[in-house]
Structures are given as structure tokens and as C-alpha cells.
Amino acid sequence: MAARLTVNGEARELDLADNALLLDVLRDELGLIGAKRSCDVQVCGTCTVLVDGTPVSSCCFLAHDAAGREVQTVEGFALEPLWEELAAAFSRHNAFQCGFCAPGFVMTLKPLLAERRLRSRADVVAELSGNLCRCTGYRAIVDAVCEVAGVDPS
Amino acid sequence: MRSAGRSLPRPDLRAKLSGEAVFGADLAEPGMLHVRLLRSVVAHARIVSLDLDAARQVPGVVCVVTAADLADLDPMWGHYVRDRPILADGVVRFAGEIVAAVAAETPAAAAAAVAEIDVEYDELPPLLDVTAAVAPSAPRVHSGPPRPGFACPPSAVFGDGNDFYRWRVAHTRVEPSGAEDKLVTVAHEYAFPAVYQYAMEPHAVIAEHDGDRIRVSSTCQHPFLVREELALLFGLPVDRVRVSVPFIGGGFGSKSYTKMEPVAVAVARQAGRPVKLVNRVEDAMVTTRRHGMRARMRTVADRDGRLVSRDAEIWLDTGAYADNGPTVTMVAGMAAVGPYRWDRVGVDAACVYTNLPPAGSYRGFGAAHLQWIGESQVDELAEILGMDRLQLRRQNLLARGETMIPGTRPIDADLAGDLAAVADRLGWGPPLPGRQGRGISVGVSPAGASHHSQARVELRGDGRVAVRVGTQEIGQGARTVHAQIAAEVLDLPLDRVEVVPTDTGDTPYDRSTGASRSTTVAGLAVQRASEDLRAALLRTAVERWGVDPAVATLAGGRIVAGDRSWAIEEVGACQGHGDAGELAAGGATMPLFWEVCVAGAQVTVDPDTGQIEVRRAVTAADVGRALNPSLVERQDEGCALQVVGNALFEEMRFSEEGVLLNDTLLDYRIPTVADVPHEMACVIIENGDGPGPFGAKGCGESVFGGLVAALVCAVADAGVTVRELPMSPDRVWHAIRSES
Ligand code: FES
Ligand code: FES
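Residues numbered from 1 in each chain as written. Chains lettered and ligands numbered in written order. Predicted model: local features only at pLDDT ≥ 70, side-chain atom pairs only at ≥ 80, totals over all residues. Heavy atoms only, no water.

J.: Which residues make up the pairing of strand β1 (residues 33-39) of chain B, and what are the values?
T.: All names here are of chain B. Counting buried positions along β1 yields 6 of 7 residues, so the element is predominantly enclosed. In this sheet, strand β14 (residues 275-278) lies alongside β1 in parallel orientation, the contact comprising 2 bridges. Bridge pairing links Leu33 to Val275 in β14. In this structure, β1 lies alongside strand β7 (residues 98-104), joined through 6 bridges in antiparallel fashion. Among the inter-strand pairings, Val35 is bridged to a residue of β7, identified as Ala103. (Buried < 20%, exposed > 50% of the residue type's maximum accessible area, 1.4 Å probe, protein only. Helix = DSSP H or I, 4+ residues; strand = E, 2+ residues; numbered from the N terminus. Pairing = 2+ DSSP bridges.)

J.: Describe the environment of B:Pro139, and please don't skip the residues or the numbers.
T.: All names here are of chain B. Inspection of the secondary structure assignment puts Pro139 in the loop between α4 (130-133) and β9 (163-172). The partly exposed category is assigned to Pro139, whose relative accessible area is 44%. The sequence separation of Pro139 and Gly161 amounts to 22 residues, and the corresponding C-alpha distance is 9.0 Å. With near-sequence residues (within four places) excluded, Pro139 lies in contact with Leu127 and Asn162. (Contact = heavy atoms within 4.5 Å.)

J.: Talk me through the interface of chain A and chain B; I want residue IDs and the actual numbers.
T.: Counting residues at the interface gives 45 residues for chain A, matched by 50 residues for chain B. Summed over both partners, the interface of chain A with chain B comes to about 3,900 Å²; 60% of that surface belongs to carbon and sulfur atoms. Ranking the residues of chain A by area buried against chain B places A:Asn94, A:Gln97 and A:Arg134 at the top, with a combined share of 23%. Close ionic contact of A:Asp40 with B:Arg280 constitutes a salt bridge, the shortest N to O distance being 2.5 Å. Viewed at the interface, chain B and chain A are joined by 25 residue pairs in polar contact (both at pLDDT 80 or more). Of all the elements in the fold, those that place two or more residues in the side of chain A that touches chain B are α2 (74-77), α3 (81-92), α4 (102-114), α5 (121-128) and α6 (139-149) of chain A. (Buried area = accessible area lost by both parts, 1.4 Å probe. Salt bridge = Lys/Arg side-chain N within 4 Å of Asp/Glu carboxyl O. Polar contact = N/O pair within 3.5 Å; in protein donor to acceptor, adjacent residues only side chain to side chain.)

J.: Describe the packing of aromatic side chains, listing the residues and the values that go with them.
T.: In this description, an aromatic ring pair is defined by two values, namely the gap between the centres and the angle between the planes. Under the criterion given, the structure shown has 17 aromatic pairs over all chains. Relative to A:Phe96, the ring of A:Phe90 lies with its centre 4.8 Å away and its plane at 80°, an arrangement referred to as edge-to-face. On the basis of relative accessible area, A:Phe96 is assigned to the buried category, the value being 0%. Put simply, the rings of B:Tyr80, B:Phe158, B:Phe164, B:Tyr165 and B:Tyr353 pair up and form one aromatic cluster. (Phe/Tyr/Trp six-rings, centres within 6.5 Å; stacked < 30°, edge-to-face > 60°.)

J.: Kindly report on the environment of B:Gly325, identifying the contributing residues and their values.
T.: Residue and element names in this part refer to chain B. By the element assignment, Gly325 lies in helix α8 (residues 325-337). Between the C-alpha atom of Gly325 and that of Ala350, which follows or precedes it by 25 residues, the distance is 9.5 Å. With near-sequence residues (within four places) excluded, Gly325 lies in contact with His291, Thr318, Cys351 and Ala359.

J.: Describe unusual backbone geometry, with residues and values.
T.: Residue and element names in this part refer to chain B. A cis amide bond links Met590 with the next residue in sequence, Pro591, at an omega value of -5°. Residue position: Pro591 is located in the loop between β26 (574-579) and β27 (593-596). Here Leu725 and Pro726 are connected by a cis peptide whose omega angle stands at 0°. Within the secondary structure, Pro726 is located in the loop between α15 (702-717) and α16 (729-739). For Ala515, which is not glycine, the phi torsion reads 55° and is therefore positive. With respect to the helices and strands, the residue Ala515 is situated in the loop between β22 (497-500) and α13 (518-545).

J.: So what's going on with the sheet that holds β22(B)? Which residues, and what values?
T.: Residues and elements named next belong to chain B. Here 4 strands make up an open sheet; going across it, the order is β22-β21-β20-β26 and the pairing mixed. Single-partner strands in this sheet number two, and they are β22 and β26. Ignoring which end each strand starts from, the neighbouring axes of this sheet average 20° apart. The sheet contact formed by strand β20 (residues 454-459) and β26 spans 6 bridges and is antiparallel. Looking at β26, one finds that Glu458 is bridged to Gln575. (Axes fitted to C-alpha atoms, helices over the stretch in contact; angles between N-to-C directions.)

J.: Please set out the domain arrangement of chain B residue by residue, giving values where relevant.
T.: Residues and elements named next belong to chain B. The domain boundaries assigned to chain B delineate domain 1 (33-126 + 197-284), domain 2 (292-448 + 591-739) and domain 3 (450-587). Computed from C-alpha coordinates alone, the two centres of domain 1 and domain 2 are separated by 35 Å. On the side of domain 2, 23 residues touch domain 1, which itself brings 25 residues to the contact. Carbon and sulfur atoms supply 59% of the area that domain 1 and domain 2 bury against each other, a total of about 2,000 Å² over both sides. (Domains from an automatic or database assignment.)

J.: Which residues make up the pattern of salt bridges, and what values do they have?
T.: Scanning all chains against the criterion turns up 68 salt bridges over all chains. Between B:Asp26 and A:Lys36 there is a salt bridge; the shortest N-O distance is 2.6 Å. Remark: A:Lys36 occurs in the loop between α1 (22-29) and β3 (48-51) and B:Asp26 occurs in the loop between α1 (13-18) and β1; the pair is interchain, linking two chains. The exposure class assigned to A:Lys36 is buried, which follows from its relative accessible area of 1%. For B:Glu679, the salt bridge is made with B:Arg425, and the minimal N-O distance between the two is 3.3 Å.

J.: How would you explain helix α12 (residues 478-490) of chain B if you had to name every residue and give the values?
T.: Residue and element names in this part refer to chain B. With 13 residues, α12 ought to run about 18 Å at 1.5 Å a step, and its terminal C-alpha atoms sit 18 Å apart, in line with that. Across the 13 residues that make up α12, a large majority, 13, are buried. In the stretch just after α12, Asp491 is the one whose phi turns positive, near 50°. (Expected span 1.5 Å × (residues − 1).)

J.: Tell me about the state of the cysteines, and please be specific about residues and values.
T.: Residue and element names in this part refer to chain B. Per the stated rule, a full pass over the model turns up 0 disulfides over all chains. Left without a disulfide partner, Cys639 is nearest to the cysteine sulfur of Cys597, which lies 9.2 Å away. Note on Cys639: relative accessible area 0%, which makes it buried. (Disulfide = S-S within 2.5 Å.)

J.: Report on the pairing of strand β28 (residues 599-605) of chain B, specifying residues and quantitative values.
T.: Remark: a regular strand shows side chains that alternate across the two faces of the sheet. Residues and elements named next belong to chain B. With respect to burial, β28 is a largely interior element, 6 of its 7 residues being buried. Looking at chain direction, strand β18 (residues 436-441) and β28 are connected through 6 bridges and run antiparallel. Note that in β28 the partner of Gly437 across the bridge is Val603. Relative to strand β29 (residues 612-622), β28 runs antiparallel, the two being bridged by 7 bridges.

Below, the structure is given as C-alpha cells:
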């Protein structure tokens, strides 16, 4: 079935199976490998992309449900100034290790930072509890986000 | 020092944050097929029949491979014990064993074909517990004696039973003296659960076999050992097998040695086309895991607070295939000893086959299993003797140069100093009121694995330097640290050094990425190669420009001699070679170094819910020299969070038939950001006493030994004794109820 979606600002016309998952379409059809698959059950957040600005787990999101909507992956976000700011803070803190989880964190954070919804460290912790990272121990990630959000890190 | 010793940002981070970094599942080859596997749904059975006709009819299917297609090979693999068939041959020994593999044009076609395969099993009783497996009447998981694998140490001795490997020490330093009535004894039984490493990236392999050559891209920690094993398995010389490695999304041991490569290559061989095999979490969980364990331990002290003797019996459940089980068993046995000045010690650790999925390496193995047991017995003795727990440790701790286990390297660290630093940071003091508790623990674990690491450092025409070393970047920051080492020796800015991904066709040999060896052993090879390049550059300057060798030096990318200088690239392409072989000079005893496992914890236990709150976790990173302190901290903090999971709630649960019950992240919970201890502190200790570059030694695993133990001791101090992990709320709640 044909579907029309906008991905990173570009209109795409795709012929998709009814049950095609957004994650597979992005990775296999469009070659956008930034979103990763780990848990496959909407727990880990590493497949997070934005649909009309809202983070979704693309491993459990039907591609057809993104039809007519705006999809953004980390490849798209990486061209924006806010990504630069976030990447610089994460670098200063050496906040990620293997980085497999990183695109998911970055996409979860984009609307939170853009809309200034992070007002305390507790907010950061609450909002990031849907993104797993097995390497880091999270602390440096939270520290870096607090810095970008301009909230007290303690 | 300009580069080494500084918390420089990781050069690879931007690519990981932008989605540019390529991981295993991101790779593709032209004309590649997709592989799906049929796994056994029963733990132990004879395969009565296997009907593949319907599967072969599925459109898009290119081949369906079973053991019958491997008749021209010796299809058994395993680096330590060659006990594992590529595809189940007539019998399945665990639920999840690979029975057949399908290659198809699309993943959907491959999955559809797998669903069409009809298997008939004749079920056999499974052995699901080490106790059952070592019973005299127990059936054997494998018939016939174990065959040593290609990487099996020549000294290894195997037995015939399910407890096919044993590591033992029985050592009497002095005959224990003193009257029985002057001795106090603690003796209990303990258990540790099977747990899942959960590297966020499951295994992925791309394989090609064109008759006389194999090409593999794999998420593997030890590509050179994978190359060796594939060559052996498929009957090719080693130089016909090439393994390359992309970025790896976490390892923690789950990607050590060979894992999914044999089946991928077998399918590629049959298909005559490249194939891609990507595990899901449920596949990864039955590919490898941490050993579950049962143990008995007895520790004796005299009334003056002298630790007198220790005995332990340990049974590690390695599942249906050995994987790295014997090594885990050896390290667990060593951890059982503990770093104290015993009169007598006796440990007997067994590696046991069962019909559960295979268990192998997971960060801190052995120390994670045993240190908490030994250390909680030290605490119990202190309680009986009415002594401070820290003081009891202090007065029995081995000093630098003393030997813990005959035949092994004497202790090469200041354990008392490490313990004092952690106690200080933790705020050791009088007992805390209510359901609060503190714990502290000390141990050592053998590290470094092997001195076999080489490196090549190349100066390119553009003045940039490429480091070729076979360590894998699995998140630990090896590429950053290796670049820092080269930059330091060559006096270059870090952005002029690039560490190149491994391709065994071109990268110098490195045994493995594990055992905390990347900075110490591979890093030493990088240091020596950089020094070799440096010497070559200066030699050229002397020969070509008549520079005085006594004054020539490198500075900021230039060869400098007095007031004259040349850009290093003026020398032209040039390279240096290095080797860590000096670590074995003079037949030095193993291990290459002891990784220090010292940590402290403070907890609060909620008696109504059984919930444990980690108020404070203090870890010691006794790293000799921290080449990048922030990376050291990340390693310790990351390990601390894994400890929180392992110690407090993670556990693979199996049904009474031996089938994994919690095979998704919905049911197998790992720590989230909400589980981070209220306070985490990593105390970096730099005594410059490591065998690696600039006095460095490895870290990253030790927290598993140290902090599991500190948490168990802290919970006991809060009034709850738990001898079976994890200390889950229900278990803690029941423990509190049963005491009242
Ligand atoms: S892969 Fe989608 S949430 Fe984990
Ligand atoms: S950095 Fe490896 S999972 Fe987060």
C-alpha cells in the first residue's frame, strides 16, 4: 500500500506492507540507521524518532500511522543548532560510551529542551526513565542535560 | 604530560550522537540474504524428524540449512571445549539451541519459512540445576570426554562427569594452631542467579564464504580468535579468513569469543551469497549469559581477630555448552580465597553442564559471584568477635608482595590504602540507626588475560597518524585512550591521531578485548609502536638533515633541533611497530596484574516493601595512572549500575521445563536512570604501579566484585541477611518477616 510521509523535511512516497514498522522503513528503505533496534518492545527507547514533534518508539509504531505526518530522525536533528549544543555538552562530560543508546536519548530530549520543559534535575530523571543505557550509569548524561537545560545539576 | 592523564572528550562521540556511527546491524552487502533461525522450544530432546519441504517452498527462500548439510565438516566449536555443534545434530541440549537456519531474500520471507519448519522432538528429562547435574545418578549432558578447544590452556584437565572442569587450591601456609575453643566459625550456603549482560546492541554478523575464502563483519570483542576458530571449523588457513569489526554497541563479555559467526558462515557457504544475521534480545539471552551458581563457604577466625582458614565449594552452571565456563570457574575459585593471610585455604570450584542456555563471560565474572560471599563471612566474624569490620580486614589483609595463591603473581597493589580511601569517602563510623547500613569490601581479580598484543603506528603523508591495534571499541573508550597514548609519545594534538577499526587482514594481532587489558596490554603495544615511530622520525632527521641526535626531539608535530625544525610529514610515510611481549619477560607469573575490587555502600531498607535504596556507592579505581580520568569514572559508574541490577533485581527465570520465562525487556528489568544511587563516587587511586603505559593498569570490571559485596554487607548491616541474590524486594521482605 502506498504511503506518503515526510522524513527529515523530505516528502517520500513509499510502497509499504500494512504491518511495516516505522523503524524498519527508516533503516531498511530509507537508509537512516540512526534509530537503532534493541528491545523491540517499547522499553529501551533507542529507536526513538519524532512524529509531528512527539517522540515515539519506532519499533512499535506502524509506518502507515506516520502517513501524512512529519518524521524526524537523529540524522535530521543533527543539522540543527540545538543538536550542536547538546552534542557539545555530551562531549564535555564524555556522557556516552558505546553510544548505541545515544540517538534515542537525543531524540527524546529535543522537544523537552526546545519547549523548556526541564526545570530541575528531577524533571530530567523522570523524562529520561524511558531511555535505557547499559554502559554509563546515567549520571554524566543527566549532568550534561542539566547544563543544556540550564537547571541546577544537584 | 599533554594528552595522557587528561579527561579529553572522546573523538568518536559526535558520530555516535548524530547517527553516523555504523554498528553491526547497520551494515549491508550487495546481494545479501537475511537469516532467521529455528530454535529449540524444549530443553532436552532427541530430534525425531525435521520436515523442511514447506519452508523451502516459501517464495524468496534460498536455502534451509541443518546439521545434515555440514556432513563434510567437523562442525563442533568452542574455544575452550569443542563441545558445540553449529546446528543441533540429532539432539537438542537447551531451549533456544539452533536447529535450522533459513536464508531468504527478505527478513519476512526468512521468518515465514522458519514458521513452516516442522520438528518432532522426543523429549528427555532436562537437568536444570547444578545440584541435580552433579548427582551421581544424573545422566550426562554430553557423552564422551571433553575435547579441548583451540584456545584451551595446555594445563587444563577435564573430567568425565557433568562437572567436567574443576579449579582447586589446597594450601597450608602454617598448620592452624590454637585450641578449638579459641576459634569462631561461620559456614553457610549461597546462590547467585543467571543474569543477562544486555549489551544494548544484540549480536550481528555479515558473512560471506566463496569456497576458499571467508569474510565476516561481526560485533565481536575478539576478532582474531574468531578468525582462528572459523578457519579451524571450515578447514581453511587462517589467512583466508578475514574478520572486520564495526562500532560495537556494548559487550560486557557477551560478544567475547565466537558466538553467531559459525552459523552465519555455514549459511553463507550453502547459499553462495553474503548473509546477514541479526539477533533479537530473545536470541541474545539464549546465546550467552552469566553463570548461575551455588556455593558453600566456611571461614574461621581466632578470638584475637586473626583470619585462620577458609574452605569453599562452588558449582557454576555453564549450561549446555562450556563457552568460557572453565575460565569463569577458575576466577571464581580465586575470588573465593580472598586477599587475606590465611593459615590454610581450600577451594574446589566446579564448572557444571546443565540443560540451560550456555553461560560465558560477563564483566567481573568470578569476583561478582564470590567476593560478596567471602566478605559477608568476614563481616559475620567481626560481629561475633565484637570487632569493627574494617579493622578485622585491615589486620589480615595481604600487603604488596605477599602471595594470595601459590604460583600466581604476588599482590601488586596497596590494598590497605585502597580500602582506607573508600572508607574515608564512604564516611566509615559507628553503626547507623534503624534500617540503614554500611558495607565495605576488598578483593582482587586476575586481569590482563595474555600479553599477546601488537600495534602499528603509521605516519601518513598528510602528517596525521594512524594507530592500528586490534582492541575493539565497545564503549569503554579504548580508541580514545590509545589515541592519547600515541599523541603523548609523539607530542601531537589528539585530533591528528586516528585509531583505525580492526580488519584482521591488516590489523596487527591482538588476542582479545576483555579482562580489563585494553589500556594495559594493547595500550603498551601502542606506546611501544609510537616510541618506535618516534625513534624512526628522529633517526631520519639525523641522517637526512645532520641533526645532533642528543638534542633532536618531537614537539607539536615537528622535529625540533635547537632553532631548526621540520614538520614530521617531511619525513614521508613511516611506521613504528610495538608489542606487549615484555609483560611476559622472564616467564612472569599470571595474572599480568591483579585488578583491585574495593568498594563501599550505604543503603536503607524499607521493612514494609523490602525495597533497598542505595544511598551511596563508593568505588575505588586503583588504575596506577588514569590516562583519561573521566573515562575511568564512566567505567566505574556504568559498572556500578550493572551491579545495582545484578545485586538487587536482575534474574533470568526458567520454567520447570527449562524454558526462559522472562525473555524480553518487559519482564527482564535492567536499571533505569531512576535506579542510580543517590550518591556515586569513584575514587581514582594513582600509585603509578601498573605494568601498562605510564604506570597504568586496567579497570572497569572490579566494581562487580567490590560493590556487590559492599551492598550485601550493607544490607546485612541494616539487619537483613540475604544469602541468595538478587536481593529483590520479595526476598528481602520475606527475610525481614522470618526474623521477627
Ligand atoms: S527498540 Fe524500540 S523501544 Fe527498544
Ligand atoms: S552508551 Fe552504551 S548503551 Fe548507552
